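Residue-level listing of the chains:
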Amino acid sequence: MRKKRGLSYEAKVILIIFAILVLIFAPINISEDILFTKNSIKAFYEKYINIYPLYLQIFVILLPFIIYFIIKQIRKNRCSYKEDVIYNLKWKWDWSKDKIVNLQCYCPYCANEVYYDDTISNYDKLAISKLEFICDNCNKVVASLPNANSTKRSAANIQNEIQRVINIRVSKM
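Every residue gets a number counted from 1 within its own chain, in the order that chain's sequence is written. Side-chain atom pairs in this predicted model are given and counted only at pLDDT of 80 or more, local residue features only at pLDDT of at least 70, and totals for whole chains, interfaces and linings cover all residues. Values shown for side chains rest on all heavy atoms present in the structure; no hydrogens or waters enter the calculation.

In this section: the overall build of the chain. Numbering goes from the N terminus for both helices and strands, where a helix is a DSSP run of H or I of at least four residues and a strand is a run of E of at least two. Helices and strands together make up the secondary structure of the chain, namely 4 helices and 6 strands. Starting at the N terminus and walking to the C terminus, you meet the elements of the chain as α-α-α-β-β-β-β-β-β-α. Among the 173 residues that make up the chain, the fraction classed as buried is 17%. When checking whether two residues touch, look at their non-hydrogen atoms; a contact exists if any pair is within 4.5 Å. Intrachain contacts of the chain at a sequence separation of at least 6 include 31% that bridge at least 24 residues. Each accessible area is a Shrake-Rupley result for a 1.4 Å probe, and residues are judged covered by the shown protein chains and nothing else. When the accessible surface of the chain is split by element, carbon and sulfur atoms take 61% of a total near 14,400 Å². For each residue, the accessible area found with a 1.4 Å probe, counting protein chains only, is set against the maximum for its type, and the residue is called buried under 20%, exposed over 50%, and partly exposed in between.

Our next topic: the pattern of salt bridges. Here, a salt bridge means any side-chain nitrogen of Lys or Arg that lies within 4 Å of a carboxyl oxygen of Asp or Glu. Counted according to the given criterion, the structure contains 1 salt bridge. With a shortest N-O distance of 3.5 Å, glutamate 83 and lysine 90 are connected by a salt bridge. With a relative accessible area of 30%, lysine 90 lands in the partly exposed category.

A few words now on the pairing of strand 3 (residues 99-106). Side chains on a regular strand alternate between the two faces of the sheet. Whether two strands pair depends on DSSP finding at least two bridges between them. Note: strand 2 (residues 89-96) against strand 3, 6 bridges, orientation antiparallel. Across the sheet, aspartate 94 pairs through a bridge with valine 101, a residue of strand 3. Once strand 2 ends, the chain turns through 2 residues before running back antiparallel as strand 3, passing lysine 97 with a positive phi of about 60 degrees.

What follows concerns unusual backbone geometry. For residues that are not glycine, phi is negative in most cases, and the peptide bond is trans in most cases. Positioned with a positive phi, alanine 111 is a non-glycine residue whose angle comes to about 65 degrees. Assessed through its relative accessible area of 52%, alanine 111 is described here as exposed. Here the phi dihedral of asparagine 139 falls at roughly 60 degrees; this positive angle occurs in a residue that is not glycine. Examined against the element boundaries, asparagine 139 turns out to sit in the loop between strand 5 (126-135) and strand 6 (140-146). Residue classification places asparagine 139 among the exposed residues on the basis of a relative accessible area of 68%.

Our focus in this paragraph is the packing of aromatic side chains. Stacked, edge-to-face and tilted are the three classes for Phe, Tyr and Trp ring pairs, Trp counted by its six-membered ring, which pair at centre distances within 6.5 Å; planes under 30 degrees apart are stacked, over 60 edge-to-face, the rest tilted. This structure, assessed with the given rule, holds 2 aromatic pairs. Between phenylalanine 44 and tyrosine 48 the ring centres are 5.0 Å apart and the planes differ by 45 degrees, which places this aromatic pair in the tilted class. Of this pair, phenylalanine 44 and tyrosine 48 both sit in helix 2 (residues 30-49), 4 residues apart, roughly one helical turn. Under the relative-accessibility criterion, phenylalanine 44 is labelled partly exposed at 45%. With a centroid separation of 5.8 Å and an interplanar angle of 85 degrees, the aromatic rings of tryptophan 91 and phenylalanine 133 are classed as edge-to-face. Of this pair, tryptophan 91 sits in strand 2 while phenylalanine 133 sits in strand 5, placing them 42 residues apart in sequence. Summarising the burial analysis for this pair, tryptophan 91 and phenylalanine 133 share the class buried.

Any link to function would need more than the numbers given here.
Put into C-alpha cells, the structure is as follows:
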C-alpha cells in the first residue's frame, strides 16, 4: 500500500507563488516587526531566564531532544524484536505502531509453520484443556501447552508473553 504524501509538487509550487505574492503586496513592514519581536524576546530573556545559570538554560533547551532520542531508541529496539523462542516454539511477528500483528508459529526442528489443536484430555475424570502445536512436516506434536482459560486464544497468550519480555528488556536499559 502506498503511503500518502503531503501536497503534490504542483500544489507546493502554487503555495510558494501565493506566499511570495502575499509578502510583496501585503501592507506589512516586516523589518519593524522583526525588530519588535527581537526586542521583546530579549526583554523576556533578561527578565525571566537570565537569572538561571547558563548550564541549566542549555539543559532545558536540550531536554526535548534528549527525550525524543530516548523514545526513538526504545521504538527502534522494540521494532527490531520480531522473533523469539517461547514455549519451545519459534514465533515471528510484525509491529503496527505498538501492536503485534501477523503472529506466526514455526516448528523448532524443521522451521515449517505449525497449527494448533484445542484438545480436552480426560485424565482420571479430570478435564484438562491444552493446546497442542502440530507440525505437518515432522508429523508430530512439537509442543503442548496447558490452557486453563479456554476462551483465551493462544495468540493472546503469546502476545502477553512477548509484552512481558519487552517490559523486562526495557526495565534493564
